[in-house]
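Read off the chains here:
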Amino acid sequence: MARQPEDWLDETPSPQEDDDEIIWVSKSEIKRDAEALKKLGAELVDLSKNELERIPLDEDLLAAIELAQKIRREGRRRQLQLIGKLLRARDPEPITEALDRLKNRHNQQTLIFHKLEDLRIRLLENGDEVIEEVVELFPMTDRQQLRALVRNAKKEKAAAKPPKSFRQLFQYLKELSETA
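Here is a short report on the structure shown in this document. (Residues numbered from 1 in each chain as written. Predicted model: local features only at pLDDT ≥ 70, side-chain atom pairs only at ≥ 80, totals over all residues. Heavy atoms only, no water.)

This part covers the packing of aromatic side chains. Overall, the coordinates contain 1 aromatic pair when judged by the stated rule. A centroid spacing of 5.7 Å and a plane angle of 70° characterise the contact between phenylalanine 113 and phenylalanine 170, whose relative ring orientation is edge-to-face. Of the two residues, phenylalanine 113 is situated in helix H7 (residues 93-126) and phenylalanine 170 in helix H10 (residues 164-179); the sequence distance between them amounts to 57 residues. In this arrangement the basic side chain of arginine 120 is found over the ring face of phenylalanine 166, its NZ or CZ atom lying 3.8 Å from the centre. (Phe/Tyr/Trp six-rings, centres within 6.5 Å; stacked < 30°, edge-to-face > 60°. Helix = DSSP H or I, 4+ residues; strand = E, 2+ residues; numbered from the N terminus. Lys NZ or Arg CZ within 6 Å of the ring centre and 35° of its normal.)

What follows is the structure in structure tokens.
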């Protein structure tokens, strides 16, 4: 008497298929994620009111952050834990992107200022050659004003006077870069 194959054995998934469907998350990983969200909350608490307005936050989270900004010591730590808990119930991706843009904006602004400072120094060293470059970069440039600022800055430096025109030259370049 031959045994017939059992149909139920064919239907059970192999152990390899089980592992593909189930994603195991360790307790440590959950704790790391919660800690990361708490740190994100701490970064949000350190922002000013104007900076907070640029980040997409709902009313509950914003109220918790504003309260944490007023609290000190142990109460603040507990409020940060609450903010972390509130963040776990939300998608933190838009918040982290907005925070990164806010930080990156500061870095970009610093980079622009360094470029403008280099341009100012080159203007004082080379004069007319660099003035033509500035006019190409910023078409709204008033050549007379730029030449006068460069000339006055050179005179101040030679006479060891306070760098009033030197600063004005930077401010003028800054204004040009903002309008371009």
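The next point concerns helix H9 (residues 143-159). The end-to-end C-alpha separation of H9 is 24 Å, in line with the 24 Å expected for 17 residues at 1.5 Å each. Among the residues making up H9, those that are buried are Leu146, Leu149, Val150, Ala153 and Glu156. Looking straight down H9, one finds that the buried residues subtend no more than 125° of arc, so they occupy a single side. For H9, the exposed residues set more than 90 degrees away from the buried face come down to Gln144, Lys155 and Ala158. (Expected span 1.5 Å × (residues − 1). Buried < 20%, exposed > 50% of the residue type's maximum accessible area, 1.4 Å probe, protein only. Arc of directions from axis to C-beta.)

Within the element layout of this structure, glutamate 156 appears in helix H9. Notably, glutamate 156 is buried but unbridged: the nearest opposite-charge side chain belongs to lysine 164, and the N-O separation is 6.9 Å. Setting aside its immediate chain neighbours within four residues, glutamate 156 contacts Lys161, Pro162, Pro163, Lys164, Ser165 and Phe166. (Lys, Arg positive; Asp, Glu negative; His and termini not counted. Salt bridge = Lys/Arg side-chain N within 4 Å of Asp/Glu carboxyl O. Contact = heavy atoms within 4.5 Å.)

Okay, the pattern of salt bridges next. Applying the stated criterion across every chain yields a total of 7 salt bridges. A salt bridge links aspartate 58 to arginine 90, with the nearest nitrogen and oxygen atoms 2.3 Å apart. Placement of aspartate 58 in the loop between helix H4 (49-53) and helix H5 (59-70) and of arginine 90 in the loop between helix H6 (73-88) and H7 is noted, with a sequence separation of 32 residues between them. Overall, arginine 90 belongs to the partly exposed group, its relative accessible area being 23%. When the shortest N-O distance is used, the salt bridge between arginine 122 and glutamate 133 registers 2.4 Å. One end of the pair, arginine 122, is in helix H7; the other, glutamate 133, is in helix H8 (residues 128-137), and 11 residues separate them in sequence. Exposure remark for glutamate 133: the relative accessible area of 30% places this residue in the partly exposed category.

What follows covers the nonpolar core. Core analysis: the biggest nonpolar cluster contains 20 residues, and Leu44, Ile55, Leu57, Leu61, Ile65, Ile83 and Ile95 have the highest contact counts within it. Sorting the residues of this core by element identifies helix H3 (27-45), H5, H6 and H7 as the ones contributing at least two each. Excluding residues within four positions of it along the chain, leucine 57 makes contact with Leu44, Leu52, Leu62, Ile65 and Ile95. (Core = buried A, V, L, I, M, F, W, Y, C linked by side-chain atoms within 4.5 Å.)

Time to look at the side chain of glutamine 79. Examined against the element boundaries, glutamine 79 turns out to sit in helix H6. A residue is classified by how much of its surface remains accessible, and glutamine 79, at 10% relative accessible area, is buried. Reaching out from glutamine 79, the side chain makes a polar contact with the backbone oxygen of alanine 64 at a distance of 3.1 Å. Those residues within four positions of glutamine 79 in sequence are excluded, and the remaining contacts are Ala64, Leu67, Ala68 and Ile71. (Polar contact = N/O pair within 3.5 Å; in protein donor to acceptor, adjacent residues only side chain to side chain.)

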